[in-house]
Amino acid sequence: IIIQTLLVLLFLSLSLQSKANDWALLWANVTLIEQKGLTQQAFDEVNKIYTLAKKEKNQAHVAKALFYIFKYQNILKEDDWDQIFSRLEAEVGEAQGGFKSFLQSILAQSYWGYYQQNSYTIASRTPLNTSGGDYKTWDTKAFISKITNLFLDSVSNKEELKKTSLTTCDDI
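Residues numbered from 1 in each chain as written. Predicted model: local features only at pLDDT ≥ 70, side-chain atom pairs only at ≥ 80, totals over all residues. Heavy atoms only, no water.

*Asks:* Help me understand the packing of aromatic side chains in this model?
*Replies:* Under the definition given, this model contains 16 aromatic pairs. Measuring from ring centre to ring centre gives 4.8 Å for F85 and Y135, while their planes differ by 80 degrees; the resulting arrangement is edge-to-face. Of this pair, F85 sits in helix α4 (residues 81-94) while Y135 is found in the loop between α6 (119-123) and α7 (140-154), placing the two residues 50 residues apart along the sequence. Judged on exposure class, the residue F85 and its partner Y135 are both buried. Taken together, W81, F85, Y111, W112, Y114, Y115, Y135, W138 and F143 form an aromatic cluster joined through their ring pairs. Lying over the aromatic face of Y50, R87 brings its terminal NZ or CZ to 4.5 Å of the ring centre. (Phe/Tyr/Trp six-rings, centres within 6.5 Å; stacked < 30°, edge-to-face > 60°. Helix = DSSP H or I, 4+ residues; strand = E, 2+ residues; numbered from the N terminus. Buried < 20%, exposed > 50% of the residue type's maximum accessible area, 1.4 Å probe, protein only. Lys NZ or Arg CZ within 6 Å of the ring centre and 35° of its normal.)

This is the structure we're talking about:
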């Protein structure tokens, strides 16, 4: 019985190691494609990794894939904020627990980055009484409100965050 237990543990350990190696190979392939300057192909490969990570509920690789997707989107279509914001908003809507908090923080940082890049234009907008809608029409107050609320929401569930292991982010 002891030998059988050890064999099962060994098999599980090798299986988990193999899975980690599979992810490493997938990401190494993306790096090679990127180094060749094939941005569209790298983008396509990352989308495949994203789909696999979503299927396997591997939050670290979902997050990593999102970062790469946004990177390649920005190269392929400069300033594609519409796509970035809508995708992050959708991911936040689907996510739960610590991963949702992580994504809310990323979304807040993305809005902040956009705001910083476009602050002159945003500051000249007429103040509107809208908290939602199209970010392209938001004034400074609306941006600051959205960013602040996202950051506050990202840290609001303290007990859930305390339970979240940081080792899940090692692959990012």
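*Asks:* How do you make sense of α7 when you look at a structure like this?
*Replies:* Every α-helix winds through 3.6 residues per turn, so residues three or four apart in the chain are directed the same way. Compared with an ideal rise of 1.5 Å per residue, which puts 15 residues at 21 Å, α7 spans 21 Å between its outermost C-alpha atoms and is within 8% of the ideal. All of the buried residues in α7 are A142, F143, I147, L150 and S154. Taken end-on, α7 shows its buried residues confined to a sector of 125 degrees, consistent with a single buried face. (Expected span 1.5 Å × (residues − 1). Arc of directions from axis to C-beta.)

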